[in-house]
Amino acid sequence: MMKVRRYLRGSGRVLAFVFIASVIWLLFDMAALRLSINDVNSQLLKEQVIREREIFKQQSRVTQLMKRGFKHPVQRVDLAVTHAGKGPLSSDNKLAQVYRQGGKKQDQMLGDKKINSLHHQGDNLLKTDPPKYVVSEHKEGAAIQEVTPKQGVPAKKKAVNLDQNLTKSETSRVIDGSNKVMLPVVVSNITQVPPGVQKDKHALLPTSKKGPIETGDVQIALDKTDSKRNKKVMTGAKVSQLDNNSTAVRKPGVHKVLSLDMTQAPRDANAVGQFGQAALVASNEDAEVRKRWDEGHFNVYLSDQIPVDRAIPDTRPEMCAQNVVHDDLPSTSVIFCFVDEVWSTLLRSVHSVLNRSPPHLLKEIILVDDFSTKDNLKEQLDAYMSQFPKVRIIRLKERQGLIRARLAGAAVAKGEVLTFLDSHVECNVGWLEPLLERIYLDRKKVPCPVIEVVSDKDMSYMLVDNFQRGIFKWPLVFGWSALPDEYIKKNNMTVSDPIRCPVMAGGLFSIDKKYFYELGSYDPGLDVWGGENMEISFKIWMCGGEIEIIPCSRVGHIFRGQNPYKFPKDRQKTVERNLVRVAEVWLDEYKDLFYGHGYHHLLDINIGNLTEQIELRKRLKCKSFKWYLENVYPDMDAPLVKAEGLVFNRGLRKCLSLQKGFLLFEICDLSKQSQHFNYTWMRHVRQQDLCVAPQGKGNGFALQLCDNTKPELRWFHKSSNSALAEHLIAEFVSHHMCLEAGPQGDTLRLNPCESRNTFQKWQFTHYHAQ
Ligand code: UD2
Ligand code: MN
């Protein structure tokens, strides 16, 4: 018995010893882990004291409210309202007034928006006469949201967001002035400013500070691109969760993304627009708001009262703050080009970069002044920026336009990566590293942040819907479009996965500097503004690169209804010319679709010399536009002809045939090539090189060699739902003349159009576009 007791006592001691030893070992292990984490971080952050903040984020698990078309809803992040000025103001309708007035009348503004929303690059391009356009559908409304008050922030009020409920027209039509024939023009749903909706979602404001970066669920960004990638179209690279979190942190060479934000504890928590809140202007200041609106085409008066280093809510999807990135990311030069930018927004742009970028990754900020005329952008700006050693200012001696201004900035940049930003943005927490990480993984990736919306009226910071990508519609109109649900499911995408993007918006992206030059940078022949985003997008994809939107990187941008600066030449002509350069160099046979969507008049304008650009494309062995459409943007509808097949005459019940240079009628027979014609985007009725042409004199017709620049070869057909839809109407003749078959089938001539005359009605076998 004693033996047993002694034995138990003895082994109890051993057990206690083993237990204590393992506790000590565990403690050491945890301490070591903690140290190694701190090591990584302190190493990286020695340039400054980190103030890490943890913001309760509202997640962007957004249901897609607007499933149709290219809607890109914005949501107000936080609807608290602060006052600018001292006038009596608190009610919602005062805010409504701000929205309404904002320097112009509401109707006028909505009108502007309508126009603007139709075209990003080419907005206003269709505004001329002819062609004219009419927006066929337009809704507007107001949405109201309640916000729960939070500690430490001004009391919340209801905010009315009048502008965010604009939905855009589904289709618009052009009426050709001369012939009054309706031509469809694709302008559908394309938006520059993502049209928005109010959601019952609020991003909460920061309530507490947190210490150094914590371990927790750590994710590592893995590029899941594999051998299948080339077959898989538009697949977002995936971010996967590691099984063992601590291993991920310990893994040498990576660290959790730095959520640096010097504005975490703002100087004045109650300042106007602080935390990205909507700000109000007192009613007695409306006149001032209006007066100053045109300085920037947004609420300049209000912007000037908001701190240049205001805090904004961290709108990243939750998992973003847990991602890890490599320690040795490349450094970047941030390039802001500006012409007559508003002082406060320019400063806010610069401060947002300085305050929210890891200093060791920010090589410099280059401000390229594109020959501004405002006084305060000269010595005053020099003096202000002299306090920031990283900021350099370059002054162009004459107005170059944003494309050549960016090139001037790039030419002097010292960073390994170029990051271009518009000069009225606010970079959000953690915006930079996720961009640089993508380039680190593959230097041919061109990452873009999610572009969020800083309201042009109340300057509030609004987040946009998830899973949006940049696309274009004919005639090269930029727009946003949501990834289809099936695609998201099929690829198991989460809200933080990179989104492969057929076209970038243009203003905000990072690119490896060497790669930028390998690609031939921008076409320097592009003038002032517009089209360069199409050019660089096609170039990147077709010459071996990729464009991605990175949901963990977010930057707010003020979308303006109009350009606030002057164009040296006509704005519309400038953009049109740029687009034609892009179409001629990159679109191959698909350029017909560009011209065919309302731009026939651009076929013979002077666009300057393209030899270098064409040579460059050859030298880089870039792929075809067909490849781009099939592999990058397969959901784009791009039929090379509008209609094809047999050309059946309803009255005669026979088909047109071309034999030995003569046109005649035959019994329809699909197997006969002589009966196959195309109705092209150039509006030609065409078989190989020969076009059926109305003859200048008399009422005959002729076969002529096709020539895109000759309007006299064009026919309107199916261009409207009018009674003449099935007719072939000679385009160049001033009064309506239609192609008519003789009742015996032996003649073909032009006669005045008669809606009921079946001998004037023609039907192609297949119609690909209306
Ligand atoms: C969008 C892009 C913009 C550009 C443009 C098409 C975004 C957020 N913005 O229009 O970057 O791609 O489409 O070309 O994607 N600027 C000059 N010189 C000029 C004209 C403009 O320096 O002659 C500056 C201007 O001050 C601004 C930037 O270029 O910082 C872009 O101009 P914008 O803001 O008027 O263009 P935006 O946002 O309407
Ligand atoms: Mn802009």
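Heads up: the structure comes first, above all this text.
The rules behind the values
Residues numbered from 1 in each chain as written. Chains lettered and ligands numbered in written order. Predicted model: local features only at pLDDT ≥ 70, side-chain atom pairs only at ≥ 80, totals over all residues. Heavy atoms only, no water. Disulfide = S-S within 2.5 Å. Helix = DSSP H or I, 4+ residues; strand = E, 2+ residues; numbered from the N terminus. Axes fitted to C-alpha atoms, helices over the stretch in contact; angles between N-to-C directions. Left-handed = near helix turned anticlockwise from the far one by under 90°. Contact = heavy atoms within 4.5 Å. Nonpolar A, V, L, I, M, F, W, Y, C, P; charged D, E, K, R; others polar. Pairing = 2+ DSSP bridges. Near = heavy atom within 4 Å. Polar contact = N/O pair within 3.5 Å; in protein donor to acceptor, adjacent residues only side chain to side chain. Areas by Shrake-Rupley, 256 points an atom, 1.4 Å probe, with all protein chains shown as cover. Buried < 20%, exposed > 50% of the residue type's maximum accessible area, 1.4 Å probe, protein only. Arc of directions from axis to C-beta. Donors = N, O, S within 2.8 Å, 3.2 Å for Na, K, Ca; no water.

With that settled, the discussion passes to the state of the cysteines. Summed over all chains, the structure comprises five disulfides. The partner cysteine of Cys-543 in its disulfide is Cys-622, sulfur to sulfur 2.0 Å. The sign of the 100° torsion about the S-S bond sets the Cys-543-Cys-622 disulfide as right-handed. One end of the pair, Cys-543, is in the loop between helix 13 (532–542) and strand 26 (546–557); the other, Cys-622, is in the loop between helix 16 (611–619) and helix 17 (625–631), with 79 residues separating them in the sequence.

For the pair helix 14 (residues 571–586) and helix 16, the least separation of the axes is 10 Å and the interaxial angle reads 40°. Of the two elements, helix 14 crosses helix 16, and the hand of that crossing is right-handed. Along its contact with helix 14, which presents Arg-581, Val-585 and Trp-586, the element helix 16 presents Gln-613, Ile-614 and Arg-617. In terms of residue class, the contact of helix 14 with helix 16 is built from three nonpolar, one polar and two charged.

Right, let's get into the pairing of strand 29 (residues 662–666). By the bridge criterion, five bridges tie strand 28 (residues 654–659) to strand 29 in an arrangement that is antiparallel. Note on strand 29: the bridge partner recorded for Leu-658 is Leu-663. Where strand 28 folds back on strand 29, the antiparallel hairpin that results is connected by two residues, among which Lys-660 adopts a positive phi of roughly 50°.

Neighbouring strands of a sheet are bound in pairs by backbone hydrogen bonds; such pairs are parallel or else antiparallel. Spatially, 17-16-15-18-25 is the arrangement adopted by the five strands of the open sheet, whose pairing is mixed. Two strands bound the open sheet, and with one partner strand each, they are strand 17 (391–395) and strand 25 (509–512). Pairwise comparison of adjacent strand axes, ignoring direction, gives a mean angle of 25° for this sheet. The sheet contact formed by strand 16 (residues 362–369) and strand 17 spans five bridges and is parallel. Bridge pairing in strand 17 places Asp-369 opposite Arg-395.

Our next topic: the site of ligand 1. Around ligand 1 sit 26 residues in total, of which Asp-370, Ser-423, Gly-530, Glu-532 and Tyr-565 are the nearest. Between ligand 1 and Ser-423, the relevant distance is 2.7 Å, taken from an oxygen atom to a side-chain nitrogen or oxygen of the residue. One of the side-chain nitrogen or oxygen atoms of Tyr-565 is found 2.5 Å away from an oxygen atom of ligand 1. For ligand 1, whose free accessible area comes to 740 Å², the fraction covered by protein is 98%.

It is worth spelling out helix 16 at this point. All buried positions along helix 16 are accounted for by Gln-613, Leu-616 and Arg-617. Looking straight down helix 16, one finds that the buried residues subtend no more than 100° of arc, so they occupy a single side. Exposed and oriented more than 90 degrees from the buried face of helix 16 are Glu-612, Lys-618 and Arg-619. Looking one or two residues beyond helix 16, the residue adopting positive phi is Lys-621, at roughly 50°.

Coordination of the manganese ion (ligand 2) by the protein is provided by Asp-422 (OD), His-424 (NE2) and His-557 (NE2), with metal-donor distances spanning 2.2 to 2.3 Å. Considered as a linear motif, the donors of the manganese ion (ligand 2) on their single chain read D-x1-H-x132-H. With a gap of 133 residues between them, His-424 in the loop between strand 18 (417–421) and strand 19 (425–427) and His-557 in strand 26 connect regions that are remote in the sequence. Overall, the relative accessible area of 8% leaves His-557 in the buried class.

Further remarks concern the environment of Asp-382. For Asp-382, the position within the fold is in helix 8 (residues 379–385). Asp-382 gets classed as partly exposed once you look at its relative accessible area, which sits at 36%. Taking the C-alpha atoms as reference points, Asp-382 and Ile-393, 11 residues apart in sequence, are found 7.4 Å from one another. Setting aside anything within four residues of it in sequence, one finds Asp-382 in contact with Ile-393 and Arg-395.

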